[in-house]
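Next come the chains, spelled out residue by residue.
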Amino acid sequence: MLSISGDSFGTVGAAEMSTADAGSMDGCPVSPPPPPPPPPGTVPPPLSPVHQNEECSGADTVNESEQVSPPPPILFMNGDCSSPPIPPPPPPLGHMPPPPKHFEYRNGALRLARSGPQAGAPDTDIRRHIRHLVERCRLETTLSSGQNLIWLSHVNTGIIPVLQEGPKCGLVALCMAAQQLKDVGADVKTPSTDEIYNFAKNKGYTLQGEMFSATYMAQLAEELIGCRCSVLKGGMPQHRLEIIQHLVKGYPALVPYDADRNHEPICKRGHKAHWAVIPGLILGIDQWHGGLLDGYQQDNDPHCHDLYHALPDTTAPKLDWSRVHQAFLYARQGKSRRLALWKYELLHESNIQLVEMCPVRAQEIELYVLPDDGVEGGLSGRAVLLFPPR
């Protein structure tokens, strides 16, 4: 065996030194290249007796006259032969990062916190969604009237979406409306959907969760939630200013309508009757005057420079109502978690034509609670405004 010491290193020949240098990269030795294959037609030399024994027996014998080289070191991608860096330690068990602003963890899921902004600028995700909805408003308005409007957004983002099970759309809408009243400081109860259902069934307002009467809905809200209610009749255009001022104050409204497959308003004569809670609106005005935008914050997206979000406690803007040319209503309902935005007239057209029950359900009329004047008397042209208690 050849031992390399300080003295013997100097005796290594130049040929050996060049061979060692040729088999290295960045100072790290690697295995020498394999020998070239023999030319075609060449007969390999016979094996020596030692190698014949090795090949036949498979024994791990080594010729003592040959030196066994150690395996080459592992070369990492950075060209370094040293050990790879030690990864950082994992976070301690049970550690959970803090939730984003206006969100909270509930049962292991990230959900919109009830302590979010009341009527102010929405959180980032909802604001991005609102921008998309406003694009639709702008396009529709420009195509229909050619007007370039300024958009004022009032929306309560403190509502946690509640999904329905069975025909409980009205009860789910009332559950979300109670959340909104609580968020604006009203002294009201916020029962779960099951609690609302049990109470309504005991009172005789429903059997399976259906609500075919706006009057029953208002009575249920006053008795269980503890709020005040007003039932509007005759259609939404007749009460346009009253509804707009109510929503600008941060109070919710409940509106029945026919729901399409994407949950938007459609006209099916009441066969797809559904309930939605209206937590706010967007107003399109043609111009502003001094002091109008004091309670609003301009959207920070340059593509939405004409969109302004109402700041908290902006419940009585200095608005000339005659300047309001368009109104789009925010909506939530029990079959989706997404915030929707519908044109005011579209929701009215669906609301006013609720005149009859779905024929399939009509065959099992005994399974539902209907008012004396039927679906048309209970839902058509009706809406419920919810107020804080006095």
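Above this text is the structure in question.
A few points on the structure. Because the structure is predicted, anything quoted here is derived from the model rather than measured.

### Observations concerning the overall build of the chain
Piece 1. Counting secondary structure elements, the chain contains 11 helices and 14 strands.
Piece 2. With 390 residues in all, the chain has 42% of them scored as buried.
Piece 3. In the chain, once contacts between residues fewer than 6 apart in sequence are set aside, the share between residues at least 24 apart is 69%.
Piece 4. Accessible surface, the chain as shown: approximately 22,200 Å² in total, 55% of it carbon and sulfur.

### Some words on the packing of helix α5 (residues 169–183) against helix α7 (residues 214–225)
Piece 1. Axis separation between α5 and α7 bottoms out at 11 Å; the angle between their running directions is 45 degrees. In terms of orientation, α5 and α7 fall into the oblique class. Handedness of the α5/α7 crossing: right-handed. On α7, the residues that touch G170, L171, L174 and A178 of α5 are M217, L220, A221 and I225.

### Quick word on a positive patch on the surface
Piece 1. Residues R261, K268, K272, K335 and R361 make up a contiguous surface patch of positive charge.
Piece 2. Take R261: it is sitting in the loop between β7 (253–259) and β8 (265–266).

### A word on the pairing of β7
Piece 1. Counted residue by residue, β7 has seven buried out of seven residues, so it is predominantly covered.
Piece 2. Bridge analysis of β7 against strand β9 (residues 273–285) gives six bridges, and the strand direction is antiparallel. Paired with L254 across the two strands is V277, which belongs to β9.
Piece 3. Across two bridges, β7 lies against strand β14 (residues 383–387) in antiparallel orientation. When the bridges of β14 are listed, L254 appears paired with V384.
Piece 4. Across two bridges, β7 lies against β8 in antiparallel orientation. Bridge pairing in β8 places D258 opposite I266.
Piece 5. Here β7 folds back onto β8 in antiparallel fashion, the turn holding five residues, of which H263 has a positive phi close to 75 degrees.

### Quick notes on helix α8 (residues 240–248)
Piece 1. All of the buried residues along α8 are I243, I244, H246, L247 and V248.
Piece 2. Of the residues flanking the end of α8, it is G250, one or two places downstream, whose phi is positive at about 95 degrees.

### Examining the environment of A200
Piece 1. Relative to the helices and strands, A200 resides in helix α6 (residues 193–203).
Piece 2. Each C-alpha atom, one on A200 and one on M211, is 9.4 Å from the other, the two residues being 11 residues apart in sequence.
Piece 3. Excluding anything up to four places from it in sequence, A200 contacts Y205, T206 and L220.

### Brief notes about the pattern of salt bridges
Piece 1. Under the counting rule described, the total for this entry stands at two salt bridges.
Piece 2. When the shortest N-O distance is used, the salt bridge between E345 and R240 registers 3.3 Å. One end of the pair, E345, is in helix α9 (residues 344–352); the other, R240, is in helix α8, and 105 residues separate them in sequence.
Piece 3. On the basis of relative accessibility, which here comes to 30%, the residue E345 falls in the partly exposed class.

### Thoughts on the nonpolar core
Piece 1. Counting residues in each nonpolar core, the largest one holds 39 residues, and the members touching the most others are L174, L220, C227, L254, W275, V384 and L386.
Piece 2. The biggest single contributor to this core is α5, with 10 residues.
Piece 3. Setting aside residues up to four positions removed in sequence, L386 forms contacts with L174, A177, L181, A221, C227, R228, C229, H246, Y251, P252 and L254.
Piece 4. Listed in part, the 32 residues of the second largest apolar core include A253, L292, W342 and A383.

### Description of the pairing of β9
Piece 1. Counting buried positions along β9 yields 12 of 13 residues, so the element is predominantly enclosed.
Piece 2. Bridge count between β9 and strand β12 (residues 324–332): seven bridges; the pairing is antiparallel. Bridging from a neighbouring strand, G284 pairs with Q326 of β12.

### Some points on the packing of aromatic side chains
Piece 1. Following the criterion strictly, the structure yields five aromatic pairs and no others.
Piece 2. Look at Y257 and W342: their rings are 5.0 Å apart centre to centre, the planes differ by 55 degrees, and that puts the pair in the tilted class. With Y257 in strand β7 and W342 in strand β13 (residues 340–343), this residue pair connects regions lying 85 residues apart in the sequence.
Piece 3. Look at Y257 and you get buried, because its relative accessible area is 0%.
Piece 4. Looking at W342, the relative accessible area reads 3%, which means it is buried.
Piece 5. For the cation-ring pair, K168 lies above Y197, with the distance from its terminal atom to the ring centre recorded as 4.3 Å.
Piece 6. Directly above the ring of Y344 sits R240, whose terminal nitrogen or CZ lies 5.2 Å from the centroid.

### Some words on the environment of D286
Piece 1. The residue D286 is located in the loop between β9 and β10 (296–298) in this model.
Piece 2. Residues D286 and N148, spaced 138 residues apart in sequence, show a C-alpha to C-alpha distance of 6.9 Å.
Piece 3. Dropping the residues within four chain positions of it, D286 is found in contact with N148, L149, R323 and H325.

### Focus on the packing of α6 against α7
Piece 1. Orientation of α6 relative to α7, taken along the N-to-C sense of each, is 115 degrees, at an axis distance of 11 Å. The crossing of α6 and α7 is right-handed. Judged by residue contacts, E195, I196, F199, A200 and K203 of α6 engage L220, E223 and L224 from α7.
Piece 2. Its residues placed into classes, the contact of α6 with α7 shows five nonpolar, no polar and three charged.

So, how was this worked out
- Residues numbered from 1 in each chain as written.
- Predicted model: local features only at pLDDT ≥ 70, side-chain atom pairs only at ≥ 80, totals over all residues.
- Heavy atoms only, no water.
- Helix = DSSP H or I, 4+ residues; strand = E, 2+ residues; numbered from the N terminus.
- Buried < 20%, exposed > 50% of the residue type's maximum accessible area, 1.4 Å probe, protein only.
- Contact = heavy atoms within 4.5 Å.
- Areas by Shrake-Rupley, 256 points an atom, 1.4 Å probe, with all protein chains shown as cover.
- Axes fitted to C-alpha atoms, helices over the stretch in contact; angles between N-to-C directions.
- Parallel < 35°, antiparallel > 145°, perpendicular 65-115°, else oblique.
- Left-handed = near helix turned anticlockwise from the far one by under 90°.
- Patch = residues over 30% accessible without salt bridge, like charges linked within 9 Å, V, L, I, M, F, W, Y side chains within 5 Å.
- Salt bridge = Lys/Arg side-chain N within 4 Å of Asp/Glu carboxyl O.
- Lys, Arg positive; Asp, Glu negative; His and termini not counted.
- Charge placed at Lys NZ, Arg CZ, Asp CG, Glu CD.
- Pairing = 2+ DSSP bridges.
- Core = buried A, V, L, I, M, F, W, Y, C linked by side-chain atoms within 4.5 Å.
- Phe/Tyr/Trp six-rings, centres within 6.5 Å; stacked < 30°, edge-to-face > 60°.
- Lys NZ or Arg CZ within 6 Å of the ring centre and 35° of its normal.
- Nonpolar A, V, L, I, M, F, W, Y, C, P; charged D, E, K, R; others polar.

Keep in mind these values describe shape, not function.
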